[in-house]
Amino acid sequence: MRNVLLFLGILLLHQCCCFEFIIDGEWEGETSGSQDHRERHKRALLTSEEQEDFEAIRGDDITVKSYKVESRITSRFAHTTVKSSVVNSGSKAQSIGFNVQIPKQAFITNFTMNVNGITFVGSVKEKTVARNLYAQARARGKAAGIVRANSQDMETFKTEVHVPPGSNVEFELHYQEMMHRKLAVYEHILHLQPGRLVPQFKVDVYIYEPKGIAMVDTPHTLGEKFASLIKVTSSKDKAHIVFKPTIEHQRKCNNCTESSIDGVFTVRYDVHRDSNVGELLVSDGHFVHFFAPSNLSPLPKNIVFVIDVSGSMWGVKMKQTVEAMQAILNDLTIDDHFGIIDFNHNVRCWNDDLVPGSSIQVDSAKKYIQNIKPNGGTNINEALMRAVQMLVKASNYGLIDPRSVSMIILVSDGDPTVGEIKLSTIQKNVKRVMREEFSLFSLGIGFDVDFDFLERIAMENRGIAQRIYANHDAAEQLRKFYRQVSYPLLRRITIQFPEDTVSDITQNRFDKYFGGSELVVAGKVLPSDSNTLASFTTASAARLDLALETEVDTMELDQELFKQQHSFTGFARQMWAYITINQLIAERSLAPTAAKKRKITQRIMALAVEHQFVTPLTALLVESEDGGERLLADSPKDPKHGCCAGSASAVMPVSQMTFQHPPWVKITTPAPPSQVTGVLPIRITIVENDPHFIVHLPRSEMDICFNIDSKPGHILNLVSDPGTGVVVNGQLVGSKQVQKNKQNTYFGTISVYYMPEGLSVAVSPEQITLTDGNNNHSFSWGATADITQDSVKLAIMKDSHVTVTINDNIRIMVLLHRVWRKNSVNVDFLGIYIPNDNNYSSLVHGLIGQFSTEPEVSVYDIHQGADPLKNEATMEVKGNKLAVTRGWQKDYRRDKKRGTDVYCWFIHNSGKGFIDGVYTDYIVPHLNSFLQMF
């Protein structure tokens with residue numbers, strides 16, 4: 001486990017009122033790396049001894065004046081401070097304990113203590129340096145007991161101070177952590193178990209998210225009794241959560257002296273994402289890029305479940321595993337493929353091949369799981385070999401979609417006892433046979449499992465490990481983990497930056513992205529004359545290839561943070577260090593040589609000291625101002641003994657799985673520039689405003705204009721070409737109000753349908769949606785992006801236009817027009833720009849398509865009209881003589897505000913006589929409908 005924090009201090013009172021702090025802990029490298037299976041008993045014993053009642057403040061005859069917790073979360077990075085003020089109100093000297101449970105993923109950054117006016121301040125140092133400074137006190141041979149984690153998600157920080165009667169003691173602990181997005185929310189947890197009534201008890205959580213807060217809530221994890229006392233105030237980008245119970249609120253009963261506050265205080269929230277390109281932030285010379293796309297159809301998945309059914313799984317472990325598997329199997333779809341392998345000393349396959357997730361196969365698999373009876377030993381090596389073989393066979397025979405996601409999920413509670421039992425050999429065997437496109441997830445049930453080993457084989461094979469706590473609701477933990485990896489949306493994600501703009505970037509290549517999670521890349525911003533930073537993201541979705549681009553003003557966020565009273569202004573710098581250190585710890589655990597490991601160790605220690613993080617390689621030395629008294633906050637290892645001694649482990653979050661080592665690659669080569677230019681030929685057919693058609697006739701070198709006066713909701717066919725299978729339709733929306741007895745109409749949706757591949761692109765002022773059969777992929781106007789699926793390409797220019805290209809020879813550009821949102825009349829609408837040189841077939845028709853074959857047009861008898869600025873004339877076209885007026889309309893491609901004038905001959909009566917038939921002939925029933933007439 002990471003960041004298992006040990007703070008052991010005993011303050012002894014001397015006659016001279018001097019304080020001395022003694023600690024005894026286990027230093028890294030001082031334990032044996034023995035593989036003896038007796039260690040399993042030791043691991044279980046350590047855990048059972050940890051189940052003790054927890055109190056934030058310990059001691060008899062003490063008065064707790066205050067207990068305050070404050071968290072400042074800025075852009076998913078939290079700085080939490082826990083403060084307490086205590087008085088020894090007894091008649092004797094005694095020890096007062098200050099205990100805090102912090103999240104496993106957090107790093108302590110500081111601890112200060114004031115005892116009767118003597119202040120002790122902490123500083124993070126390399127562990128060896130801290131050890132040497134502390135050697136004198138340690139040599140006296142005085143020791144304190146070891147306190148370890150006693151909670152599923154938390155670690156214990158503990159200190160004790162021995163003080164005379166009447167003493168005042170103030171404690172203050174700081175820790176920092178990055179919020180990891182899981183199942184579409186960020187969850188901030190504070191452990192509140194004061195153990196006594198507190199006159200001044202207060203929790204403040206401040207959240208600031210520059211892009212806006214989508215939701216924030218506080219689940220009733222403390223109990224319904226306190227629900228009404230939690231106050232949530234939120235605005236567009238800020239939230240403040242306050243919990244301030246009085247002593248009466250805290251009492252278990254009216255006359256009780258015991259506190260009923262006992263549990264975790266939870267805040268959940270998510271942020272607004274106006275595009276699938278991600279959120280790029282720059283502050284304090286560092287950048288952070290968050291990537292959490294949604295509105296994409298999931299990739300098919302191929303899963304082999306490898307389940308330990310050895311004798312140690314007998315009882316509640318097996319019962320809850322079976323319960324979880326029933327729910328997990330129900331989640332499979334017909335597009336998924338799965339297999340089940342159960343193992344003890346033997347290895348059995350429910351089916352020799354992967355099978356589709358049909359209801360018949362799922363029901364059969366559930367019956368098989370239900371009948372499993374645990375017994376025998378544990379042959380992990382052969383079970384994993386068989387699982388890989390199953391995936392390889394399915395891949396070689398083309399039985400699975402090449403764009404699908406393949407994974408192995410191992411559920412085990414013990415060490416190997418049969419077959420290959422050497423952990424390092426099993427690790428090498430799995431690494432050797434696993435393909436790059438496969439991932440291995442390891443779930444260790446209980447504390448007697450060698451979790452270090454499970455972490456190693458997972459990290460080396462593009463997966464993660466997670467401990468399942470058997471003394472909790474293991475079935476729900478298994479289901480929750482599966483939900484995190486059951487919705488893959490993207491593969492092969494790379495986030496890049498232009499050359500010479502950034503340095504020291506964290507992991508920027510990811511094997512998979514699962515819906516509801518988040519990928520995070522951070523780094524340093526190099527000095528530049530430019531005030532902008534750009535990022536380029538490429539990824540593959542279901543039948544889609546994506547190229548996304550975003551940029552940010554490098555000065556904007558710091559100016560905004562300066563205005564925010566409760567923001568954490570150093571978040572970007574600390575988040576970069578936090579991510580980098582955790583990735584280095586993961587790389588260190590997989591280092592192939594001692595020299596490589598030493599080099600990584602030095603880097604971790606340097607960063608931890610610079611950014612003041614207590615890590616497995618650093619310690620927090622707390623000393624008085626004169627350096628005479630010292631305490632030590634150390635970070636001992638998890639009670640586990642893996643295949644290689646002296647290693648530090650790290651569980652990478654689900655959103656950060658790499659398919660290549662080292663896990664972060666410094667890519668400074670810029671991604672290919674976006675192809676989104678939107679430049680179409682100067683002479684094209686245009687549909688703008690209400691809607692106004694401008695048809696360019698190249699041979700005649702003239703432009704013809706006409707309006708269509710129809711009704712909101714009508715769908716007009718613009719291009720219908722059964723020969724190429726292309727249809728372009730537009731649906732009308734009405735203005736907000738009727739003016740002069742007329743309601744203006746505009747195009748609110750443009751649909752481009754390519755029948756041969758069943759692909760439809762629907763463009764509206766809200767979003768761009770690509771649909772293929774049952775799959776829907778939505779993109780916002782908030783980012784520049786290139787999307788390719790088969791023969792269809794979408795090029796989105798941020799807040800401007802989207803160009804749809806089919807087979808590289810048919811193009812349609814849709815221009816976005818936004819109006820002031822408080823406008824009482826006008827609505828957002830779309831303009832359409834279609835080149836005359838599109839390669840249609842001879843069957844093409846539609847309001848625009850019919851003019852791919854240019855009609856013969858002649859204009860004569862030009863004379864001044866009633867409006868001296870508009871000439872009038874007679875036009876002959878298609879055997880009709882039409883009275884036309886000279887006017888102008890707008891082309892908005894280059895200037896969306898003022899437009900460019902296009903002079904044209906205007907035809908009245910909705911184009912009657914110029915178009916074939918009348919405009920009502922072009923009304924179709926659906927957005928993907930072909931025109932049935934002509």
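Check the entry above for the structure.
Predicted model, so just to flag it, every value in this text is computed and none were measured.

(A) Local environment of the state of the cysteines. Per the counting criterion, the structure on display carries 2 disulfides. With its disulfide-bonded cysteines labelled consecutively along the sequence, the protein is connected as 1-2, 3-4.

(B) Molecular detail of the side chain of Ser84. Among the secondary structure elements, Ser84 is positioned in strand E6 (residues 77–88). For Ser84, a relative accessible area of 3% gives the class buried. Within the local environment of Ser84, its side chain forms a polar contact with the backbone oxygen of Ser66, the two atoms lying 3.1 Å apart. For Ser84, the contacting residues outside a window of four places in its chain are Ile57, Val64, Ser66, Tyr67, Phe98, Val169, Glu170 and Phe171.

(C) Layout of the packing of aromatic side chains. Counting across every chain of the model gives 24 aromatic pairs. Considering the side-chain rings of Phe77 and Phe568, the 6.0 Å spacing of their centres and the 25 degrees angle between planes classify their relative orientation as stacked. Note that Phe77 is positioned in strand E6 and Phe568 in the loop between helix H10 (556–563) and helix H11 (571–589), a separation of 491 residues in sequence. Every member of this aromatic cluster is reached through a ring pair, and the members are Tyr67, Phe201, Phe226, Phe243 and Phe265. Positioned above the aromatic ring of Phe290, the side-chain terminus of Arg76 is 3.8 Å from the ring centre.

(D) Molecular detail of the sheet that holds strand E14 (residues 213–217). An order of E12-E17-E14 is seen for the 3 strands of this open sheet, with the pairing classed as antiparallel. On the outer flanks of this sheet lie strand E12 (186–192) and E14, each paired with one strand and no other. Ignoring strand direction, the axes of neighbouring strands in this sheet form an average angle of 15 degrees. Pairing geometry for E12 and strand E17 (residues 263–271), over 7 bridges, is antiparallel. Looking at E17, one finds that Leu192 is bridged to Gly263.

(E) Representation of the sheet that holds strand E39 (residues 726–734) within the structure. Pairing is antiparallel across the open sheet formed by 7 strands, whose spatial order is E43-E42-E41-E40-E39-E38-E53. A single partner strand is all that each edge strand has here, and the edge strands are strand E43 (775–780) and strand E53 (923–924). When strand E38 (residues 715–721) meets E53, the two strands line up antiparallel, connected through 2 bridges. The residue bridging Leu716 from the neighbouring strand is Ile923, located in E53.

(F) How the structure looks around the nonpolar core. Among the nonpolar cores identified, the biggest contains 86 residues, and Leu490 and Phe914 are the most heavily contacted of them. Of all hydrophobic cores here, the second largest spans 54 residues; its members include Val64, Val69, Ile102 and Val115.

(G) Quick look at helix H7 (residues 423–433). Three or more residues of H7 are buried, namely Leu423, Ser424, Ile426, Gln427, Asn429 and Val430. Summarising the contacts, the buried residues of H7 are in contact with helix H6 (380–396), strand E25 (438–445) and helix H8 (451–459).

(H) Representation of the environment of Ile213. Assignment of secondary structure puts Ile213 in strand E14. Ile213 sits 56 residues away from Tyr269 along the chain, and the two C-alpha atoms are 7.3 Å apart.

(I) Here's a closer look at the pattern of salt bridges. Per the stated rule, a full pass over the model turns up 38 salt bridges. A salt bridge links Arg479 to Glu323; the nearest nitrogen and oxygen atoms lie 3.5 Å apart. Taken together, the residues Arg479 in helix H9 (residues 474–485) and Glu323 in helix H4 (residues 316–330) connect sequence positions 156 residues apart. With relative accessibility at 18%, the residue Arg479 sits in the buried group. We classify Glu323 as partly exposed; its relative accessible area is 40%. Close ionic contact of Arg403 with Asp545 constitutes a salt bridge, the shortest N to O distance being 3.1 Å. In this pair, Arg403 is assigned in the loop between H6 and strand E24 (405–412) and Asp545 in strand E32 (residues 545–553), connecting sequence segments 142 residues apart. Overall, the relative accessible area of 24% leaves Arg403 in the partly exposed class. Assessed through its relative accessible area of 34%, Asp545 is described here as partly exposed. Linked by salt bridges that have partners in common, Arg76, Arg181, Glu209, Asp270, Arg273, Glu279 and Glu518 make up one network.

(J) Local environment of unusual backbone geometry. With phi around 55 degrees, Asp504 is a residue other than glycine that occupies positive phi space. Phi at Asp861 takes a positive value of approximately 55 degrees, unusual for a residue other than glycine. Take Asp861: it is sitting in strand E49 (residues 857–864). Overall, Asp861 belongs to the partly exposed group, its relative accessible area being 48%.

(K) Up close: the environment of Asn774. Turning to its location among the elements, Asn774 is positioned in the loop between strand E42 (767–772) and E43. On the basis of relative accessibility, which here comes to 78%, the residue Asn774 falls in the exposed class. Taking C-alpha positions, Asn774 is 8.5 Å from Ser297, a pair spaced 477 residues apart along the chain.

(L) Representation of the pairing of strand E36 (residues 692–697). Counting buried positions along E36 gives 6 out of 6 residues, so the element sits mostly inside the fold. Residues His692, Ile694 and His696 line one face of E36 and the alternating positions Phe693, Val695 and Leu697 line the opposite face, and both faces are buried. Here strand E35 (residues 684–688) runs beside E36; their pairing, made up of 3 bridges, is antiparallel. Residue Val687 lies in a different strand from E36, and its bridge partner there is Phe693.

Here is what the cut-offs are and how they apply
Residues numbered from 1 in each chain as written. Predicted model: local features only at pLDDT ≥ 70, side-chain atom pairs only at ≥ 80, totals over all residues. Heavy atoms only, no water. Disulfide = S-S within 2.5 Å. Helix = DSSP H or I, 4+ residues; strand = E, 2+ residues; numbered from the N terminus. Buried < 20%, exposed > 50% of the residue type's maximum accessible area, 1.4 Å probe, protein only. Polar contact = N/O pair within 3.5 Å; in protein donor to acceptor, adjacent residues only side chain to side chain. Contact = heavy atoms within 4.5 Å. Phe/Tyr/Trp six-rings, centres within 6.5 Å; stacked < 30°, edge-to-face > 60°. Lys NZ or Arg CZ within 6 Å of the ring centre and 35° of its normal. Pairing = 2+ DSSP bridges. Axes fitted to C-alpha atoms, helices over the stretch in contact; angles between N-to-C directions. Core = buried A, V, L, I, M, F, W, Y, C linked by side-chain atoms within 4.5 Å. Salt bridge = Lys/Arg side-chain N within 4 Å of Asp/Glu carboxyl O.

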